[in-house]
Amino acid sequence: MKYFSVIVLFFLLSCGKKEKMELAKAGVSIVKNVDDLSPIYLFFRTKEKDTLVEVNTNSSIITTNWILNVDKRLPLRISIPEIMKLQDKKRKEKAHKNELAQNYYSYADSIGKNLAFLPFTDVYYKLGKPKSGVVVYFAKNNTILVDAVVVKKEELQLYLNNLPDQKAHGIKFGINKNSSFDKYVKSKIFFRSLVFSNKLVEIDKDQDFIY
């Protein structure tokens with residue numbers, strides 16, 4: 001099975017009933033096809049005024065590539081802790097560990113009109129602000145802050161290229177914990193797309209800070 005049908009964008013099967021899920025959207029496909037996969041679902045739920053997440057791992061096999069289908073409406077403060085638990089479970093598996101198995105988020109490529117996947121196997125989530133280094137912070141009000149300085153999205157690449165040499169190493173990705181998962185996917189893909197002419201600029205790809 002190379003990829004999911006785009007039907008997954010609208011309905012997912014859970015516990016014998018059809019479940020509606022809204023996936024994040026972006027205008028590019030990072031990965032188009034994934035072989036040997038297991039789907040995991042993080043559903044958006046509400047109870048009175050509270051937003052909740054329901055995790056369905058019924059179809060997951062530890063030795064396969066995991067595809068996390070996360071409802072785009074879920075805030076990161078709720079979804080990321082559950083994702084961390086799933087990552088930890090897979091990382092700690094010893095008896096049936098498959099070193100080649102990866103983790104991906106599914107999302108909709110709004111330009112290509114297909115389902116796409118964002119890899120996050122090696123990402124470690126941190127629920128707090130980093131203690132050092134330059135942080136590119138995606139605030140909830142659609143502004144981008146670089147160490148508390150507001151930088152326009154279209155100017156971010158140039159701004160980072162012009163950082164003093166001593167600040168150019170290990171630039172970190174941060175995002176507001178109340179942001180939706182949809183915003184996380186869009187912000188992460190944009191962050192990944194930055195290209196630097198200054199060879200001293202180095203992106204920290206292994207840690208995402210949620211705060």
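Not measured: the values here are computed from a predicted model.

Student: Looking at this model, I keep getting lost on the overall build of the chain. Mind explaining?
Tutor: Looking only at helices and strands, one finds three helices and 14 strands in the chain. Computed over its C-alpha atoms, the radius of gyration of the chain comes to 18 Å, within 12% of the 17 Å expected for a compact globule of 211 residues. Every one of the 211 residues in the chain was classed for burial, and the buried ones make up 47%. Looking at the chain as shown, the accessible area adds up to about 11,700 Å², and 52% of this sits on carbon and sulfur atoms. Across the chain, 35 positive and 23 negative side-chain charges occur, with their mean positions spaced 3 Å apart.

Student: Any chance you could explain the packing of aromatic side chains here in plain terms?
Tutor: The description of an aromatic ring pair uses the distance of the two centres, along with the angle that the planes make with each other. All told, the structure shown has twelve aromatic pairs when counted by the stated rule. Taken together, the ring pairs connect Tyr-105, Phe-120, Tyr-125, Phe-138, Phe-173, Phe-181, Tyr-184, Phe-190 and Phe-191 into an aromatic cluster. The ring centre of Phe-190 lies 4.8 Å from the NZ or CZ of Lys-153, which sits over that ring.

Student: What exactly am I supposed to notice about unusual backbone geometry here?
Tutor: For residues that are not glycine, phi is negative in most cases, and the peptide bond is trans in most cases. Of note, the phi angle at Asp-36 is positive, near 50°, even though the residue is not glycine. Take Asp-36: it is sitting in the loop between β3 (25–26) and β4 (37–47). A relative accessible area of 48% places Asp-36 in the partly exposed class. The phi torsion at Asn-142 lies on the positive side, around 70°, for a residue other than glycine. Within the secondary structure, Asn-142 is located in the loop between β10 (135–138) and β11 (144–146).

Student: Teacher, can you tell me more about the pattern of salt bridges here?
Tutor: Once their charged atoms are close, side chains differing in charge can pair, the charge on each being opposite to the other. The full count for this structure, using the stated rule, is seven salt bridges. Across the pair Glu-82 and Lys-85 runs a salt bridge, and its minimum N-O distance is 3.4 Å. In this pair, Glu-82 and Lys-85 are both assigned in helix α1 (residues 76–92), three residues apart and thus about one turn of the helix distant. When salt bridges that share partners are traced, they join Glu-22, Asp-71 and Arg-73 into one network.

Student: I would appreciate a short explanation of the environment of Tyr-184 in the present structure.
Tutor: By the secondary structure assignment, Tyr-184 is in helix α3 (residues 181–193). In the structure, Tyr-184 is positioned 46 residues away from Phe-138 in sequence and 8.7 Å away in space, judged by C-alpha atoms. Within polar-contact distance, the side chain of Tyr-184 engages the side chain of Asp-208 at 2.7 Å.

Student: Hey, could you run me through the sheet that holds β10 in this one?
Tutor: Sheets are built from strands that pair by backbone hydrogen bonding, the pairs being arranged parallel or antiparallel. Strand order across the open sheet formed by six strands is β9-β14-β13-β10-β11-β12, with mixed pairing between neighbours. Each edge of the open sheet carries a strand with a single partner, namely β9 (124–126) and β12 (149–151). Averaged over neighbouring strand pairs, the angle between their axes works out to 30° when direction is ignored. This element, α3, spans β9, β10, β11, β13 (171–175) and β14 (203–210) of the sheet and lies at about 165° to β13.

Definitions and cut-offs
- Residues numbered from 1 in each chain as written.
- Predicted model: local features only at pLDDT ≥ 70, side-chain atom pairs only at ≥ 80, totals over all residues.
- Heavy atoms only, no water.
- Helix = DSSP H or I, 4+ residues; strand = E, 2+ residues; numbered from the N terminus.
- Rg over C-alpha atoms; globule rule 2.2 N^0.38 Å.
- Buried < 20%, exposed > 50% of the residue type's maximum accessible area, 1.4 Å probe, protein only.
- Areas by Shrake-Rupley, 256 points an atom, 1.4 Å probe, with all protein chains shown as cover.
- Lys, Arg positive; Asp, Glu negative; His and termini not counted.
- Charge placed at Lys NZ, Arg CZ, Asp CG, Glu CD.
- Phe/Tyr/Trp six-rings, centres within 6.5 Å; stacked < 30°, edge-to-face > 60°.
- Lys NZ or Arg CZ within 6 Å of the ring centre and 35° of its normal.
- Salt bridge = Lys/Arg side-chain N within 4 Å of Asp/Glu carboxyl O.
- Polar contact = N/O pair within 3.5 Å; in protein donor to acceptor, adjacent residues only side chain to side chain.
- Pairing = 2+ DSSP bridges.
- Axes fitted to C-alpha atoms, helices over the stretch in contact; angles between N-to-C directions.
- Contact = heavy atoms within 4.5 Å.

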